[in-house]
Amino acid sequence: PIFPRHDGNFKGDLTKNVPYVLQQAAETINVGDYPTVALALAAIPASGGELFFPCGTYNVSTPLIIGNSQQHIRLKGPVATRSNAYSQCVNLNYTAASGSLLVLHNAVDFEIDGINLTYSHASYADSLVVVDGTSAEIVFRNSGFRGIAGSSQAAARLLYLKATYDVTIEHC
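Residues numbered from 1 in each chain as written. Predicted model: local features only at pLDDT ≥ 70, side-chain atom pairs only at ≥ 80, totals over all residues. Heavy atoms only, no water.

Undergrad: What should I look at first to understand the pattern of salt bridges in this one?
TA: When the charged atoms of two side chains with opposite charge come close together, those side chains can pair. Inspection of every chain in the model, using the stated rule, returns 5 salt bridges. E111 is paired through a salt bridge with R74; the nearest N and O atoms lie 3.3 Å apart. Of this pair, E111 sits in strand β8 (residues 108-113) while R74 sits in strand β5 (residues 73-76); the two residues are 37 residues apart in sequence, bridging distant segments of the chain. Assessed through its relative accessible area of 26%, R74 is described here as partly exposed. With its nearest N and O atoms 2.5 Å apart, the salt bridge here joins E170 to R141. One end of the pair, E170, is in strand β14 (residues 165-170); the other, R141, is in strand β11 (residues 136-141), and 29 residues separate them in sequence. Taking the relative accessible area as the measure of exposure, R141 reaches 21% and is therefore partly exposed. When salt bridges that share partners are traced, they join R74, D109, E111, R141 and E170 into one network. (Salt bridge = Lys/Arg side-chain N within 4 Å of Asp/Glu carboxyl O. Helix = DSSP H or I, 4+ residues; strand = E, 2+ residues; numbered from the N terminus. Buried < 20%, exposed > 50% of the residue type's maximum accessible area, 1.4 Å probe, protein only.)

Here it is as structure tokens:
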């Protein structure tokens, strides 16, 4: 069966008399259906959902910010059998010279699974991922954090946790 995609523009009560499986399918958004990762992330409903990344490298030049109004979000790639920390086929690559690839500010119930978080600008010196505010229930799984070959300067921090709790890092 073909399931409807959620484009963030639904009106009215679409859950009335809709089978549960259709509601679940609408919560998964394929980043490949959008011109940028930021637009795909913005399409996730306020109630949360999953942003699926097909294999590939996704260059990001402005920070992806998940704040107070976004909770219960999963960023997921197709998880490969791991032979090392960077064996996943999805790379989310930050190309700017400053700022952070991902900022979680007061985020609750957020997960990244099967995605390598990287930076590639030669003079990058900030924190690649920042988790701050009262963020909680944050999970990094089957993922890697690193600079791309050719980056001459090391990031100040790959993962910066500030005033946060209940963070899980596994198989990274």
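Undergrad: What's the story with the sheet that holds strand β2 (residues 49-52) in this structure? I'm lost.
TA: Read from one edge of the open sheet, 6 strands run β1-β2-β5-β8-β11-β14, paired in parallel fashion. Sheet topology places β1 (28-30) and β14 at the edges, where each strand pairs with a single neighbour. Averaged over all adjacent pairs, the angle separating strand axes in this sheet is 10°, with direction ignored. (Pairing = 2+ DSSP bridges. Axes fitted to C-alpha atoms, helices over the stretch in contact; angles between N-to-C directions.)

Undergrad: Explanation requested: the state of the cysteines in the structure shown.
TA: Should the sulfur atoms of two cysteines be covalently bonded, the bond is a disulfide. Within the structure shown, the criterion is met by 1 disulfide. Between the sulfur atoms of C55 and its disulfide partner C89 the distance amounts to 1.9 Å. Residues C55 and C89 are joined by a disulfide whose S-S torsion is about -65°; by sign, that bridge is left-handed. Separated by 34 residues along the polypeptide, C55 in the loop between β2 and β3 (56-60) and C89 in the loop between β5 and β6 (90-94) bring together distant segments of the chain. You can call C89 partly exposed: its relative accessible area is 27%. (Disulfide = S-S within 2.5 Å.)

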